[in-house]
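Chain by chain, the residues run as shown.
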Amino acid sequence: MKTLQHLSILLPSLFSITVAFAGLNQGLPSLGSSFDRFSVTCPADRDCIRLFSPSLVANTSSDNEEETWVAVYRSNNNLPSVVREDFFNAMEIATTSTLSSDGENQIETGKGILQNAPVAVARLRRSSTSNSDGLNNSWLLDSMRCTLKKESQDDKCDGGSEHVEALSVCIDELILHHLKRDDITFEKAIRCKATLVSGKILENRGFEEVQELGQDMATHVSSLDGSIEKYALRISDVNGVVASSPKTMDRTLQILSLLGRLDQQEDKQKAEDSAGNTGGEDEGYDPWASVKKFI
């Protein structure tokens with residue numbers, strides 16, 4: 001009886017490995033994500049973000065439809081040894097009563113189940129600034145966090161390191177999520193609070209630096225022409241990282257396709273109208289007022 005129980009656990013894992021090998025031979029597109037460095041959930045629920053850092057969702061509402069979180073998880077599926085490791089892990093599960101794990105990115109839930117924590121997260125939320133008509137057409141991309149080391153460089157990664165690639169996945173997924181909304185604009189519609197690392201990622205996707213700091217302290221703003229150009233360059237680089245990652249290629253193609261469907265003249269006109277109708281909230285705003293008293 002005990003042997004049958006072990007086999008019932010082991011066979012599904014062996015079956016998944018067999019299917020993976022079959023996919024390599026037959027070129028099944030659905031298995032492309034199995035060879036990407038990261039997997040992603042967007043929109044991610046608050047429980048996923050809480051595994052990364054409880055403080056990020058401590059003061060936010062669970063039913064807030066005006067904000068979207070993305071969670072990126074580390075995957076070893078791009079490594080040649082993964083099939084062999086999965087086989088031995090399945091054997092361990094089948095022959096031991098408990099599974100021990102020393103993984104730093106795993107958390108034991110209240111039900112005794114090990115659940116992976118994200119390695120990177122980010123948020124897209126509607127900006128708190130409204131125009132004179134009471135409308136709010138801008139979004140703020142913030143809370144970009146990553147636990148992977150910046151110092152660990154890898155030429156095979158998008159951006160030269162796993163840290164940069166994980167944040168890149170966050171940004172691309174949130175841009176894609178925004179473009180799938182109904183009746184949206186893109187020109188100057190997404191404002192971002194970036195660091196030295198994420199700022200370079202945004203510029204490589206066509207975002208421009210803001211000319212003046214506002215109350216949201218955004219550093220970059222979206223540009224329709226710039227993003228179309230940058231994403232097209234990423235696709236055209238046949239020897240680049242995008243070409244070697246099926247999931248990244250698919251995500252980039254979707255973004256470029258949705259950007260191309262926007263009416264550029266209409267989108268830019270909406271951006272100009274929104275800027276012209278902006279209320280006086282940012283007019284005369286001094287971002288350094290709080291520190292001037294110490295000078």
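Residues numbered from 1 in each chain as written. Predicted model: local features only at pLDDT ≥ 70, side-chain atom pairs only at ≥ 80, totals over all residues. Heavy atoms only, no water.

Engineer: When you look at the overall build of the protein in this model, what are you seeing that I'm missing?
Structural biologist: In terms of regular secondary structure, the protein is built from 10 helices and 9 strands. Within the span of the protein, comprising 295 residues, buried residues form 38% of the whole. The long-range share in the protein, meaning contacts at least 24 apart out of those at least 6 apart in sequence, stands at 67%. Accessible area for the protein stands at about 17,300 Å²; split by element, carbon and sulfur atoms hold 51% of it. (Helix = DSSP H or I, 4+ residues; strand = E, 2+ residues; numbered from the N terminus. Buried < 20%, exposed > 50% of the residue type's maximum accessible area, 1.4 Å probe, protein only. Contact = heavy atoms within 4.5 Å. Areas by Shrake-Rupley, 256 points an atom, 1.4 Å probe, with all protein chains shown as cover.)

Engineer: Hey, could you run me through helix α4 (residues 162–179) in this one?
Structural biologist: Helical geometry note: an α-helix holds 3.6 residues per turn, so side chains three or four residues apart project in the same direction. For α4, which comprises 18 residues, the first-to-last C-alpha distance of 26 Å matches the rise-based estimate of 26 Å (1.5 Å per residue) to within 8%. With 17 of 18 residues buried, α4 lies mostly within the body of the structure. (Expected span 1.5 Å × (residues − 1).)

Engineer: I keep staring at the pattern of salt bridges and nothing clicks. Help me out?
Structural biologist: Oppositely charged side chains are able to pair whenever their charged atoms sit close together. For the structure shown, the criterion picks out 16 salt bridges. We note a salt bridge from Glu266 to Lys270, for which the minimum N-O separation is 3.5 Å. Here Lys270 and Glu266 lie together in helix α9 (residues 264–276), a separation of 4 residues that amounts to about one turn. For Lys270, a relative accessible area of 31% gives the class partly exposed. (Salt bridge = Lys/Arg side-chain N within 4 Å of Asp/Glu carboxyl O.)

Engineer: Just to check I follow, could you spell out helix α6 (residues 224–236) for this structure?
Structural biologist: Compared with the 18 Å implied by 1.5 Å per residue over 13 residues, the 18 Å span of α6 between its first and last C-alpha is a close match. Regarding α6, the residues found buried are Leu224, Gly226, Ser227, Tyr231, Arg234 and Ile235. Projection of α6 onto a plane perpendicular to its axis shows the buried side chains occupying an angular sector of 160°, all on one side. (Arc of directions from axis to C-beta.)

Engineer: Looking at this structure, how should I read the packing of aromatic side chains?
Structural biologist: Two measures describe an aromatic ring pair: the distance that separates the ring centres and the angle between the ring planes. Here the structure, examined in full by the defined rule, presents 1 aromatic pair. Judged by centre distance (6.3 Å) and plane angle (75°), the rings of Phe186 and Phe207 are edge-to-face. In this pair, Phe186 is assigned in the loop between α4 and β7 (190–192) and Phe207 in the loop between α5 (196–203) and β8 (208–209), connecting sequence segments 21 residues apart. What makes Phe207 buried here is its relative accessible area of 4%. Sitting above the plane of the Phe38 ring, Arg74 keeps its charged end 5.7 Å from the centroid. Above the ring of Trp139, the side-chain terminus of Arg181 is found at 4.0 Å from the ring centroid. (Phe/Tyr/Trp six-rings, centres within 6.5 Å; stacked < 30°, edge-to-face > 60°. Lys NZ or Arg CZ within 6 Å of the ring centre and 35° of its normal.)

Engineer: Would you explain the sheet that holds strand β2 (residues 67–74) in this entry?
Structural biologist: Pairing between the strands of a sheet comes from backbone hydrogen bonds, and it takes one of two forms, parallel or antiparallel. The strand order across the open sheet built from 7 strands is β1-β2-β5-β6-β7-β9-β8, with neighbouring strands paired in mixed fashion. What marks the edges here is a single partner per strand, and that holds for β1 (38–41) and β8. Strand direction decides the pairing type here: strand β5 (residues 120–126) and strand β6 (residues 139–146), joined by 6 bridges, are antiparallel. Looking across to β6, one finds that Arg126 is bridged to Trp139. In the packing of α4 onto the sheet, the strands contacted are β1, β2, β5, β6 and β7, and the crossing angle to β2 comes to about 145°. (Pairing = 2+ DSSP bridges. Axes fitted to C-alpha atoms, helices over the stretch in contact; angles between N-to-C directions.)

Engineer: Before we go on, may I ask you to explain unusual backbone geometry in this structure?
Structural biologist: Leaving glycine aside, a negative phi is the common case for residues, and trans is the common case for peptide bonds. The residue after Cys42, namely Pro43, is reached through a cis peptide bond having omega 0°. Among the secondary structure elements, Pro43 is positioned in the loop between β1 and α2 (46–52). Notably, Asp183 is not glycine yet its phi reads approximately 55°, a positive angle. With respect to the helices, strands and loops of the structure, Asp183 is situated in the loop between α4 and β7.

Engineer: What am I meant to see in empty space enclosed by the protein here?
Structural biologist: Any empty space left between the atoms is revealed when a probe the size of a water molecule rolls over them. Counted under the stated rule, the structure contains 1 cavity of 30 Å³ or more. Its volume calculated, the largest cavity comes out at about 40 Å³. Taken together, Asp36, Arg37, Phe38, Glu165, Val169, Ser245, Lys247, Thr248 and Arg251 make up the full set of residues lining the largest cavity. Those elements giving two or more residues to the lining of the largest cavity turn out to be α4 and α8 (246–261). With 3 residues, α8 is the largest single contributor of residues to the lining of the largest cavity. Split by residue class, the lining of the largest cavity holds 2 nonpolar, 2 polar and 5 charged. (1 Å grid on protein atoms, 1.4 Å probe; cavity = no way out; pocket = protein on both sides within 12 Å on 5 of 7 lines; lining within 4 Å. Points joined across faces, edges and corners; volume = space filled by probe spheres on them. Nonpolar A, V, L, I, M, F, W, Y, C, P; charged D, E, K, R; others polar.)

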